[in-house]
Amino acid sequence: MTRVVRVDPEHPDPARLAEAGAVLRDGGLVAFPTETVYGLGANALDPAAVARIFAAKGRPAHDPLIVHIAAVDEAARVAAAVPERARALWARFAPGPLTLILPKHPAVPAAVTAGKPTVAVRIPAHPVALGLIRAAGVPIAAPSANKFGHTSPTTAQHVLDDLGAAVDWILDAGPTPVGVESTIVDVTVDPPALLRPGGVPREALEDALGGPVVWRGDAAAAGEVRAPGMLPRHYAPRVPLWLFEGPRAWAREALWQTAAQLARGQGQRVGALVPHADAARLRPLGVVVADLGPEHDPAGMARRLFAGLRDLEAAGVEVILARTVAEQDVGLAIADRLRRAAAHIVRPASRAAAS
Ligand code: AMP
Ligand code: MG
């Protein structure tokens, strides 16, 4: 039976954390909140416990896990070396939504890193996550606590909906404050590479390092790789999502016209995941709207993104329409997740023809 245990997000009861820590040490699975999304945790040094994570999620064995520690000095337990650049980034962003790729320590089972010589390490900035790691006394391997390929969970209910009985404990501390996953940076290569945009903006990383952090999206923007179908689909809702990508005014109008055509013309049940300014014009069409909030607040939009996708699924819509937002700060992570969730990317005719 899954135990759902309510804890205060700021001051979790140490007795509850001690119990949950014991479950982890005994090889169990504990889902817990981090500042980004809910994680599905197991003792990172116990191969049998780690195998349960892959089974519960239906995650393929070739997809490596992030290992969570409570402080920088614990990195030596899971990483063979901590390069100077890693220390510089952690000095500024730990604890926080930043995952670093480091050379792997032999103590970490191959299953955790999918056989790679590197390991992903993060120090989460959530009192419940930090308290749990300390109570367990071991590093905790934890991917997002959703079924593989589904949207990441930002509430305990999302975890229950996806994983239910496969989890021993769920620590419920309410909605997660960041809402998109951690930024992943590979510091074993030079210059460092941004593998996944997330809660720590790329601009802040480059500022801390005093140099570039390379992002494959740059090549895409330069026209080197642009085939939406080739992007790995991840973070996907269970309903097809159409993403309108292009100049803001065009994207708003194209989304509205498509919504009108599908909802009024074809009688479809249409959902829209849009900034607040778009919502009022869509509702009269009978569109189910998930309101991301003001467009000038990317942090707020990030916090509402995954819950919005799940709400639209639950509302039984047949299609979800969304549009891109400015790629500044955490907006880059929002744009990335929307692209990965998209079944179709719709662009203005001139750009589509040029690509
Ligand atoms: P999740 O925790 O579900 O958000 O997924 C963790 C992601 O971290 C994986 O899908 C990988 O993309 C990435 N990751 C974990 N370990 C490594 C590694 N050693 N090298 C590169 N990427 C990694
Ligand atoms: Mg995930």
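Before any of the text, the structure's been laid out above.
For the structure given in this document, a descriptive report is provided here. All values reported here derive from a predicted model rather than from experimental measurement.

### Overview of the overall build of the protein
1) Next: Scanning the protein for helices and strands turns up 13 helices and 16 strands.
2) Next: The C-alpha atoms of the protein give 20 Å as radius of gyration, which agrees with the globular expectation for 355 residues (20 Å, within 12%).
3) Next: Dimensions along the principal axes, computed over C-alpha positions, put the protein at roughly 60 × 45 × 35 Å.
4) Next: When the 355 residues of the protein are sorted by exposure, 54% land in the buried category.
5) Next: Within the protein, contacts between residues at least 6 apart in sequence are counted, and of these 68% link residues at least 24 apart.
6) Next: Of the roughly 14200 Å² that the protein leaves accessible, carbon and sulfur atoms contribute 56%.
7) Next: With 37 positive and 35 negative side-chain charges, the protein shows a spacing of 4 Å between the two charge centroids.

### Remarks on the site of ligand 1
1) Next: The immediate surroundings of ligand 1 are formed by 15 residues, with R59, D63, T118, P143 and R196 found nearest.
2) Next: Separating a nitrogen atom of ligand 1 from a side-chain N or O atom of T118 is a distance of 3.0 Å.
3) Next: Within the contact set of ligand 1, an oxygen atom lies 2.7 Å away from a side-chain nitrogen or oxygen of R196.
4) Next: When ligand 1 sits alone it has 490 Å² of accessible area, and the protein chains cover 82% of it.
5) Next: Split into classes, the residues belonging to the shell around ligand 1 amount to nine nonpolar, two polar and four charged.

### A short note on the sheet that holds strand β16 (residues 344-346)
1) Next: Taken in spatial order, the five strands line up as β14-β13-β15-β12-β16 in an open sheet, and their pairing is parallel. Sheet topology places β14 (288-291) and β16 at the edges, where each strand pairs with a single neighbour. The sheet shows a mean angle of 20° between the axes of neighbouring strands, taken without regard to direction.
2) Next: Sheet analysis places strand β12 (residues 241-244) next to strand β15 (residues 319-323), joined by four bridges and oriented parallel. In the sheet register, L243 faces β15, and the bridge partner there is A322.

### Examining the packing of helix α11 (residues 298-314) against helix α12 (residues 331-341)
1) Next: Running from N to C, α11 and α12 cross one another at 30°; their axes reach a closest spacing of 9 Å. In this view, α11 runs roughly parallel relative to α12, as classed from their interaxial angle. The chirality of how α11 crosses α12 is left-handed. On the side of α11, the interface is formed by P298, M301, A302, L305 and F306, while α12 contributes G331, I334, R337 and L338.
2) Next: In terms of residue class, the contact of α11 with α12 is built from seven nonpolar, one polar and one charged.

Conventions adopted
- Residues numbered from 1 in each chain as written.
- Chains lettered and ligands numbered in written order.
- Predicted model: local features only at pLDDT ≥ 70, side-chain atom pairs only at ≥ 80, totals over all residues.
- Heavy atoms only, no water.
- Helix = DSSP H or I, 4+ residues; strand = E, 2+ residues; numbered from the N terminus.
- Rg over C-alpha atoms; globule rule 2.2 N^0.38 Å.
- Buried < 20%, exposed > 50% of the residue type's maximum accessible area, 1.4 Å probe, protein only.
- Contact = heavy atoms within 4.5 Å.
- Areas by Shrake-Rupley, 256 points an atom, 1.4 Å probe, with all protein chains shown as cover.
- Lys, Arg positive; Asp, Glu negative; His and termini not counted.
- Charge placed at Lys NZ, Arg CZ, Asp CG, Glu CD.
- Near = heavy atom within 4 Å.
- Polar contact = N/O pair within 3.5 Å; in protein donor to acceptor, adjacent residues only side chain to side chain.
- Nonpolar A, V, L, I, M, F, W, Y, C, P; charged D, E, K, R; others polar.
- Pairing = 2+ DSSP bridges.
- Axes fitted to C-alpha atoms, helices over the stretch in contact; angles between N-to-C directions.
- Parallel < 35°, antiparallel > 145°, perpendicular 65-115°, else oblique.
- Left-handed = near helix turned anticlockwise from the far one by under 90°.

These figures capture arrangement, not role.
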